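# A look at the structure
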Amino acid sequence: MDLFRKKLAVLDLTHGGIPIAIKLAALGNDVSGVDVYGTVDQVLLGELEEKYGIRCSKTPLPLSEFDLLVAPVHLDPAYPMLSKARSEGKTVLSHHEAIGKILQDDPELSDIRIVEITGVKAKTSTASLLADMLSRRFEVVLHTSRGLEAWKEGVPFLIHRGLSITPGSILTAIEKSLKAGIRPEFFIFEISIGGTGTADLGILTTLSPDYGIANNTSLASDAKLQLILNAKPGSTLLLNAGAEKALETAKGSWAKVLTFKDPFYAESHVKMSEVPDFVLETEAGTAKLSAAQDSSAAQDSSAAQDSSATQKSSITPELSAAREPSTPSEPSTTPGASGSTLYFLRRGDELFSAALRPGYNSSAYRTAFVAASAAALELGVEQKAVVSVLEEFRGLSGRMQEKELNGVALVDNSNSGMDILSAEKALEYALLKKKDEKKGSIILVLGEEASQVCEGLPPVSVQGFVDKFGAKCRHIILVGERMTAVAAKNASYAGSLPEGLLKASELAGTEDIILSSVKCFR
């Protein structure tokens, strides 16, 4: 179905519906926008009508007025317009499908390859590592929850901050990149809950832990299968070999299907008849320096805190400057436990090994390491470039990075994808660090800065966490308004992540560990 001269309604202007409505109107459609949640400012709704001719409503509109609806996969199926459309057999496109149809014939994208990455875990890390790897040969624009970045020769430059990873934000990301005069050879998009069907390479990181969407009437894992179901003929799918539902769905795909073994999945999750194409094995302990690292060994003590762009680090001044200032000041990365060695195999043959740097919890990145490496090799990046990126990598801010905060060890696990399982794993890591390094006690900063970040962090889950693990921490600082409902003997409250870190810094001694696990935009 083409999207031209149709009468259509775009449901949910809060979660990426506005750029979809604007683009559909620009393509010659008669568009109405429905503010399902009533959260869009009336002034903005007025601007949409005045500037783009988009009629907006905060209440359901008569279904008879429209040829089709465009609705997000997470919308409650009981919403009146959606429920009636399905009962009458009227076409309903997901936001993902609408984006796919909009982009498939866009002449501005005809010579640009697209990578889409979806899943529950490791999306941002996989996308960021892949962007670094691809940029060693190609010009790349990366859109993740960290921001919109242009990558060239291992160095990222911030184009824009503040976009969500809803499918509608893809339109905004493309527009802002092209308006900035940046025309990459690759676009890499981190996408929530599915794929649009425009990808030349689609990556599924994980399908677990699964969770309910659409008022708990369906599972997120089923929605993420759009990456496979919408895949265009001739494209490539790189799937987690432990995601059996995805592998079964892919059997009918016209795309080339490749798999990788997720180190976090138990052996029993991978059937012998489905041997993964790519496997990553790790060896813990002090890693032997590569030739590239060895040549600069004399500078390693200062290099750990050097974010100069000439160093081609994964953390650069442009990104550091773009981050919101914290109180106290943004902690500096410091070396931590010894690194590990990675061994990368393709269909049983070892392709390369890589010695990782210290200063972050490398085990938290294993899914990203294997997925990004496999994707980069498939897209034509040389092995030595892949190894170089892995060996230079220092972790992403807020994703199990070891830092120092006013002289106190900090395990930074605060990011938009943080959930209660991630908090448990982070605490487990901090407890091991405490034991191995003979540290004092743990000060935990836990909660959310914004409840709308990917469904927020449910207070009931936090209460369960505190009840089960709270005694392992000397003090817990609960962040966010909703966390005031959580009760604990050794807890206090903070309104934001910076405030929580400030309180933790005041409480902690030099031998303690601060563990930061707050769901936030970063």
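Below is a summary of the structure that appears in this document.

### Observations regarding the nonpolar core
- Ile188 and Phe369 are the most contacted members of the largest nonpolar core, which totals 46 residues.
- Ranked by the residues each element gives to this core, the list is headed by helix H13 (residues 366–378), at nine residues.
- Not counting residues within four places of it along the chain, the set of residues in contact with phenylalanine 369 comprises Leu129, Leu280, Leu342, Leu356, Tyr360, Ser362, Leu390 and Phe393.
- If you look at the next biggest cluster of nonpolar residues, it comprises 36 residues, including Val10, Leu24, Cys56 and Ile112.

### Looking at the pairing of strand E18 (residues 341–346)
- With six bridges connecting them, strand E16 (residues 278–283) and E18 associate as antiparallel partners. Paired with glutamate 281 across the two strands is tyrosine 343, which belongs to E18.
- As paired elements, E18 and strand E19 (residues 349–355) share six bridges and run antiparallel to each other. Across the sheet, tyrosine 343 pairs through a bridge with serine 353, a residue of E19.
- Linking E18 back to E19 in an antiparallel pair, the connection comprises two residues, with arginine 347 at a positive phi of about 50°.

### Topic: the packing of H13 against helix H14 (residues 383–392)
- Close contact between H13 and H14 brings their axes to 10 Å; oriented N to C, the two are set at 155°. On the basis of the axis angle, H13 is roughly antiparallel to H14. Remark: the crossing between H13 and H14 carries right-handed chirality. Each of Phe369, Ser373, Ala376 and Leu377 in H13 lies in contact with H14, whose residues at this interface are Gln383, Val386 and Leu390.
- The class makeup of the residues in the contact of H13 with H14 is five nonpolar, two polar and no charged.

### Here we look at the pairing of strand E14 (residues 236–240)
- By the criterion of burial, E14 is predominantly enclosed, with five of the five residues buried.
- Every second residue of E14 is oriented toward a common face, with Thr236, Leu238 and Asn240 on one face and Leu237 and Leu239 on the other, all of them buried.
- By the bridge criterion, four bridges tie strand E11 (residues 201–204) to E14 in an arrangement that is parallel. Bridge pairing in E14 places glycine 202 opposite leucine 237.
- Inspection of the sheet shows E14 paired to strand E15 (residues 256–260) by five bridges, in the parallel sense. Pairing of threonine 236 across the sheet is with lysine 256, part of E15.

### Things to note about the pattern of salt bridges
- Taken as a whole and assessed by the stated rule, the structure comprises 22 salt bridges.
- A salt bridge links glutamate 65 to arginine 55; the nearest nitrogen and oxygen atoms lie 2.5 Å apart. One end of the pair, glutamate 65, is in the loop between strand E3 (55–57) and strand E4 (68–71); the other, arginine 55, is in strand E3, with 10 residues separating them in the sequence.
- Taking relative accessible area as the criterion, glutamate 65 reaches 34% and is therefore assigned partly exposed.
- Using a relative accessible area of 34% as the deciding quantity, one classes arginine 55 as partly exposed.
- A salt bridge links glutamate 448 to arginine 482; the shortest N-O distance between them is 2.6 Å. On the criterion of sequence distance, the pair formed by glutamate 448 in strand E22 (residues 442–448) and arginine 482 in the loop between strand E23 (475–479) and strand E24 (491–494) is long-range, its members being 34 residues apart.
- Taking relative accessible area as the criterion, glutamate 448 reaches 3% and is therefore assigned buried.

### Observations concerning the environment of glycine 100
- With respect to the helices, strands and loops of the structure, glycine 100 is situated in helix H4 (residues 95–104).
- With near-sequence residues (within four places) excluded, glycine 100 lies in contact with Thr196 and Thr198.

### Describing unusual backbone geometry
- The step from serine 208 to proline 209 runs through a cis peptide bond, and the omega angle for that step is 0°.
- Secondary-structure assignment places proline 209 in the loop between E11 and strand E12 (212–213).
- For alanine 122, which is not glycine, the phi torsion reads 70° and is therefore positive.
- Looking at the secondary structure, you find alanine 122 in the loop between strand E6 (113–118) and helix H5 (123–135).
- Look at alanine 122 and you get partly exposed, because its relative accessible area is 22%.
- Phi is positive for alanine 214, which is not a glycine, with a value near 50°.
- Residue placement: alanine 214 occurs in the loop between E12 and strand E13 (218–219).

### Digging into the sheet that holds strand E5 (residues 91–94)
- Read across the sheet, five strands follow the order E3-E2-E1-E4-E5 without closing on themselves; strand pairing throughout is parallel. Every interior strand has two partners, whereas the edge strands, E3 and E5, have only one. On average, each strand axis in the sheet is inclined to that of its neighbour by 25°, with strand direction left out of account.
- Sheet topology places strand E1 (residues 7–11) next to strand E2 (residues 30–34); five bridges connect them, and they run parallel. Residue pairing for E2: leucine 11 is matched across the bridge by valine 34.
- Strand contacts of helix H3 (residues 80–87): E1, E2, E4 and E5, with the helix running at about 130° to E4, the strand carrying the most contacts.
- With respect to the sheet, H4 is in contact with E1, E4 and E5, its orientation differing from that of E5 by roughly 85°.

About the thresholds
Residues numbered from 1 in each chain as written. Predicted model: local features only at pLDDT ≥ 70, side-chain atom pairs only at ≥ 80, totals over all residues. Heavy atoms only, no water. Core = buried A, V, L, I, M, F, W, Y, C linked by side-chain atoms within 4.5 Å. Buried < 20%, exposed > 50% of the residue type's maximum accessible area, 1.4 Å probe, protein only. Helix = DSSP H or I, 4+ residues; strand = E, 2+ residues; numbered from the N terminus. Contact = heavy atoms within 4.5 Å. Pairing = 2+ DSSP bridges. Axes fitted to C-alpha atoms, helices over the stretch in contact; angles between N-to-C directions. Parallel < 35°, antiparallel > 145°, perpendicular 65-115°, else oblique. Left-handed = near helix turned anticlockwise from the far one by under 90°. Nonpolar A, V, L, I, M, F, W, Y, C, P; charged D, E, K, R; others polar. Salt bridge = Lys/Arg side-chain N within 4 Å of Asp/Glu carboxyl O.

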